[in-house]
Amino acid sequence: MGCENDGCSHEWHYAPYRTGLGALQRGQGSAVAWLLGQPDHGHVVYTCTTRDTRWDWQVDDRYTYLARLLHDLRLDTAPLVAQLRACGPYRPWPQTDPTDDDNQFNLAVGVLEALARKGNTQAHETLRGYVRDGIRWIDALTTLASSWPAEWWDDLWETAATRIRPGDVAEILPTSEPWLRWRGRDPRIDSVLNAAQRSRKDAQGRRVDLSTTSDAELIALLQAPDTGRAVKVTALHQIRRRARPVPELLDVVEQLAAERQAGLFGALRVLGPQVLPAARSWAADTEHPLFDAAAHLLAEHGEEQDIPSILAALDRLTDEWCGHDRLTEGLARILTGSPSASQADLRATLIRRLRRLTIASPHSYERGSYLRSLLLLDPDKTSGVLPSCLLDCEPDVRLLAAQHAPLTDQTQRWLLTLRDDPIEEASVRQAAVARLNGN
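Small disclaimer: the values here were computed from a predicted structure and weren't measured.

A. Here's a closer look at the packing of helix α5 (residues 78-86) against helix α6 (residues 104-117). For the pair α5 and α6, the least separation of the axes is 9 Å and the interaxial angle reads 135 degrees. Judged on the interaxial angle alone, α6 and α5 are oblique. The way α5 lies across α6 gives a crossing that is left-handed. Of the residues in α6, those touching α5 at L80, V81, Q83 and L84 are Q104, F105, L107, A108, V109, V111 and L112. In the contact of α5 with α6, the residues fall into nine nonpolar, two polar and no charged.

B. Structural detail: helix α13 (residues 229-242). The terminal C-alpha atoms of α13, which comprises 14 residues, lie 20 Å apart, in line with the 20 Å expected from a rise of 1.5 Å per residue. Turning to α13, its buried residues number three or more, namely V231, K232, A235, L236, Q238, I239 and R242. Here the buried residues of α13 occupy an arc of 150 degrees about the axis, which is enough to place them on one side. Of the residues in α13, the exposed ones pointing more than 90 degrees away from the buried face are A230 and R241.

C. Focus on the confidence of the model for the chain. Confidence in the prediction for the chain averages 92 pLDDT; 93% of positions are at 70 or higher. In the model, residues 1-9 has pLDDT below 50 throughout and makes 22 contacts with residues more than four positions away in sequence or in other chains.

D. View of the domain arrangement of the chain. By domain assignment, the chain separates into domain 1 (21-148) and domain 2 (378-438). Of note, the centres of domain 1 and domain 2, computed from C-alpha atoms alone, are 24 Å apart. Listed as interface residues are 18 residues of domain 1 and, on the opposing side, 13 residues of domain 2. For the domain 1 and domain 2 pair, buried surface summed over both sides reaches about 1200 Å², with 52% attributable to carbon and sulfur atoms. Looking only at domain 1, the three residues that lose the most surface to domain 2 are D61, R68 and R117, adding up to 40% of its buried area. Linking domain 1 with domain 2 are five residue pairs in polar contact (both at pLDDT 80 or more), by the criterion used here. Taken together, the elements giving at least two residues each to the side of domain 1 that touches domain 2 come down to α2 (29-37), α4 (63-72) and α6. When the residues that make up the side of domain 1 that touches domain 2 are grouped by side-chain class, the tally is six nonpolar, five polar and seven charged.

E. Spotlight on the packing of aromatic side chains. One pass over the structure, following the stated rule, counts six aromatic pairs. Measuring from ring centre to ring centre gives 5.3 Å for W148 and W152, while their planes differ by 75 degrees; the resulting arrangement is edge-to-face. Judged by its relative accessible area of 5%, W148 is buried. Taken together, W12, Y14 and W55 form an aromatic cluster joined through their ring pairs. The positively charged end of R136 is found above the aromatic ring belonging to F105, 3.9 Å away from the centroid.

F. Region of interest: the nonpolar core. By size, the foremost hydrophobic cluster in this structure holds 72 residues, and its most contacted members are L69 and W179. Looking at this core element by element, the count peaks at nine residues for α6. When residues of this core are assigned to domains, at least three fall in each of domain 1 (21-148) and domain 2 (378-438). Beyond its immediate sequence surroundings of up to four residues, W179 is in contact with I138, L141, A160, I164, I172, L173, P174, I189 and L193. With 53 residues, the next largest nonpolar core counts V231, V275, L297 and L298 among its residues.

G. Seen up close, the pattern of salt bridges. Summed over the entire model, instances satisfying the criterion amount to 25 salt bridges. Note that D155 and R128 form a salt bridge whose closest N and O atoms lie 2.7 Å from each other. Highlighted residues: D155 in the loop between α8 (137-147) and α9 (157-163) and R128 in helix α7 (residues 121-133), separated in sequence by 27 residues. By relative accessible area, which is 40% here, D155 ends up partly exposed. Exposure remark for R128: the relative accessible area of 8% places this residue in the buried category. With a closest N to O distance of 3.7 Å, R353 and D315 form a salt bridge. Taken together, the positions of R353 in helix α20 (residues 344-360) and D315 in helix α18 (residues 307-315) put the pair 38 residues apart, joining distant regions of the chain. Take R353: its relative accessible area is 24%, and that puts it in the partly exposed class. Residues joined in a network through salt bridges with shared partners are R68, K118, R398, D421 and E424.

Cut-offs used in this document
Residues numbered from 1 in each chain as written. Predicted model: local features only at pLDDT ≥ 70, side-chain atom pairs only at ≥ 80, totals over all residues. Heavy atoms only, no water. Axes fitted to C-alpha atoms, helices over the stretch in contact; angles between N-to-C directions. Helix = DSSP H or I, 4+ residues; strand = E, 2+ residues; numbered from the N terminus. Parallel < 35°, antiparallel > 145°, perpendicular 65-115°, else oblique. Left-handed = near helix turned anticlockwise from the far one by under 90°. Contact = heavy atoms within 4.5 Å. Nonpolar A, V, L, I, M, F, W, Y, C, P; charged D, E, K, R; others polar. Expected span 1.5 Å × (residues − 1). Buried < 20%, exposed > 50% of the residue type's maximum accessible area, 1.4 Å probe, protein only. Arc of directions from axis to C-beta. pLDDT = per-residue confidence, 0-100. Domains from an automatic or database assignment. Buried area = accessible area lost by both parts, 1.4 Å probe. Polar contact = N/O pair within 3.5 Å; in protein donor to acceptor, adjacent residues only side chain to side chain. Phe/Tyr/Trp six-rings, centres within 6.5 Å; stacked < 30°, edge-to-face > 60°. Lys NZ or Arg CZ within 6 Å of the ring centre and 35° of its normal. Core = buried A, V, L, I, M, F, W, Y, C linked by side-chain atoms within 4.5 Å. Salt bridge = Lys/Arg side-chain N within 4 Å of Asp/Glu carboxyl O.

Okay, here's the thing in structure tokens:
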């Protein structure tokens, strides 16, 4: 992951967000519009295909974005192919492969996979060839089987039968593709699948199944002094999964908070407004284990009286890029629900903050949240920037833009492109169809 004044030891950093390169690194639609109008600058795309510029590799999106740029600018995919081949075997941190310090393997596979679905024959054959002789062939195959039509990879089972080894058990998910489809075709594959299945059954056997446990029994487990941490995690997960309030959780919350029990925040969110009195007390106590979580609960369910606590939590994020979304959404919700004149300055300050986060933050996953808040607080000016958001890296940003961007001639051209793009998310394509049909 990259850094921008965040104390990272390496020298790489994001380019200024107002530059074309900075916008490109952040996955902004404005960067795409710039490059489409200035194709001679297309080579800068390679700066984002040789190093993964996502702030958070787990949630930020770039593969579709970069694949489209390579396709639309007619850029050579040879550097990406060479990058894939140069990557060595995966090694967990801290013994990482020095050729893959910048997540080059996953980046190359992800972009090439999307390009193949867009009709790029070289990308298609490169990835199939890598499954036949590449080092991390199971990783690549898993990606292809989850994204491509079965007819594009089904014949690779013979390659898999030849290459698979007993030591591959940890990399195999026997209940996912392609292994579900290939079970029974070859004893060499079946042997590893059976071993992987036994391994997972053994692990599951050590877990407690609380799926049929009543809410009262879950609370009793959480209160019992001899209940282990893992069982408590499972109990809290069940409360969150059922998504119905369990007010009795508040009777044991102080004990769980003191234990720093994982899973507690998710279960508390299910309480809805019932959590507010407790959350307000936690937000007033800087030493309380739930001090930071309290502001997020207040943002989700709170009222005008909770604004100072939410603002204070935002101020604590001044040097951070993650975690602004829930807090700013909460403020936008409260301010929109009570648009009093006394809050005009705060409203203007929040709008400025959201605008800066929208264009400056490298954490693109939160960008859709910022835009939704801005549409509540400042719909006229916000709708004016939405057309270029149709080109954004994040699917939820493209969806929002497809639903709300003013229907200019350019917007309609981009909506047509999204509607017909085989690598676009189904929800975005459907929204594009609806807007183009006047719905």
